[in-house]
Every structure is written in structure tokens, then in C-alpha cells.
Amino acid sequence: MIDITIDEACDYIGIDYMDDQVENNIQRAIKTADAILKGSIGDNYPTDDPRAKELGLIIVNDLYENRNAEPNTITGNTRRLVDDMSLQLRMELRRCKRE
């Protein structure tokens with residue numbers, strides 16, 4: 001699982017208050033971001049890589065900000081960024097397997 005805490009996610013998003021609803025929404029977004037990264041990069045994606053963490057935070061932010069839109073969608077700009085970073089990480093994982 002990606003190493004993103006509730007506090008880190010709130011700080012990234014700019015949330016300065018916490019109640020049960022906010023916490024539940026952030027926890028759900030973190031789990032969804034992890035699932036997106038697993039689907040995009042692979043089950044063994046490098047959770048300690050700063051790019052993976054940044055990707056996770058970007059996804060969490062987008063999911064949280066658009067939580068009332070279509071479920072589990074992310075914006076076009078975010079999708080392109082996620083695709084680019086995910087491809088980069090997948091290519092690096094393949095190189096490591098060959099060595």
C-alpha cells in the first residue's frame with residue numbers, strides 16, 4: 001500500500017479541518033489511488049519511490065476535489081501526468097527484472 005497518511009493528504013489538498021466525513025473520504029481516496037497505481041504500474045510498484053508517492057497524492061487530491069462528479073474519475077491533465085509517470089515506473093521495473 002502506498003505510504004500516504006491522512007495528515008499528508010490533507011496538507012497536500014489544503015484541508016485544515018478534520019471530521020469523520022473528511023477522514024472517510026480521504027481514506028477512500030488513498031485506497032483508490034493505491035488501486036489505480038497497482039493497475040497502472042503493477043502490484044509490486046515501488047511504494048517508496050517519491051514519484052509513486054507524488055502520483056498517489058495527485059490522484060488523492062483529484063479524487064477528493066471531484067468526489068461529487070462521476071465516481072473514481074480523474075481529470076484529463078491529471079490522467080496524462082499519471083500515465084506518463086506510470087509508464088516511466090513500469091519501464092524501470094522491467095529493466096530491474098532483466099538485470
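In what follows, the structure referred to is the one given above.
The present account deals with the structure reproduced in this document. (Residues numbered from 1 in each chain as written. Predicted model: local features only at pLDDT ≥ 70, side-chain atom pairs only at ≥ 80, totals over all residues. Heavy atoms only, no water.)

Considerations on the packing of aromatic side chains
For any pair of aromatic rings, geometry is given as the distance between the ring centres together with the angle between the planes. By the definition in use, this model includes 0 aromatic pairs. Looking at Arg67, its charged tip hangs above the ring of Tyr64, at a distance of 4.0 Å from the centre. (Phe/Tyr/Trp six-rings, centres within 6.5 Å; stacked < 30°, edge-to-face > 60°. Lys NZ or Arg CZ within 6 Å of the ring centre and 35° of its normal.)

Considering the pattern of salt bridges
In the structure shown here, the tally under the stated rule is 4 salt bridges. In this structure, Lys53 engages Glu8 in a salt bridge whose closest nitrogen and oxygen atoms are separated by 2.8 Å. In this pair, Lys53 is assigned in helix α3 (residues 50-65) and Glu8 in helix α1 (residues 6-13), connecting sequence segments 45 residues apart. The exposure class assigned to Lys53 is partly exposed, which follows from its relative accessible area of 23%. A salt bridge links Asp49 to Arg51, with the shortest nitrogen-to-oxygen separation between them at 2.8 Å. For Asp49, a relative accessible area of 14% gives the class buried. Overall, the relative accessible area of 23% leaves Arg51 in the partly exposed class. (Salt bridge = Lys/Arg side-chain N within 4 Å of Asp/Glu carboxyl O. Helix = DSSP H or I, 4+ residues; strand = E, 2+ residues; numbered from the N terminus. Buried < 20%, exposed > 50% of the residue type's maximum accessible area, 1.4 Å probe, protein only.)

Quick notes on the nonpolar core
Grouped together as the largest cluster of nonpolar side chains are 27 residues, with contacts concentrated most on Ile15, Ile26, Ile30, Leu37, Leu55, Ile59 and Val60. Broken down by secondary-structure element, the contributors of at least two residues to this core are α1, α2 (20-41), α3 and α4 (76-98). Setting aside chain neighbours within four positions, we find Val60 in contact with Ala9, Ile13, Ala29, Ile30 and Ala33. (Core = buried A, V, L, I, M, F, W, Y, C linked by side-chain atoms within 4.5 Å. Contact = heavy atoms within 4.5 Å.)

Some points on the environment of Ile13
Tracing the chain through its elements places Ile13 in helix α1. For Ile13, a relative accessible area of 14% translates into the label buried. In contact with Ile13, not counting residues within four places along its chain, are Ile26, Val60, Asn61, Tyr64 and Glu65.

Quick look at α3
Compared with the 22 Å implied by 1.5 Å per residue over 16 residues, the 22 Å span of α3 between its first and last C-alpha is a close match. By the burial criterion, the buried members of α3 are Ala52, Leu55, Gly56, Leu57, Ile58, Ile59, Val60, Asp62, Leu63 and Tyr64. On its buried face, α3 is in contact with α1, α2 and α4. One side-chain oxygen of the residue at the start of α3 lies 2.7 Å from the amide nitrogen of Arg51, identifying that residue as Asp49. (Expected span 1.5 Å × (residues − 1). Polar contact = N/O pair within 3.5 Å; in protein donor to acceptor, adjacent residues only side chain to side chain.)

Coordinates in, geometry out; function isn't part of it.
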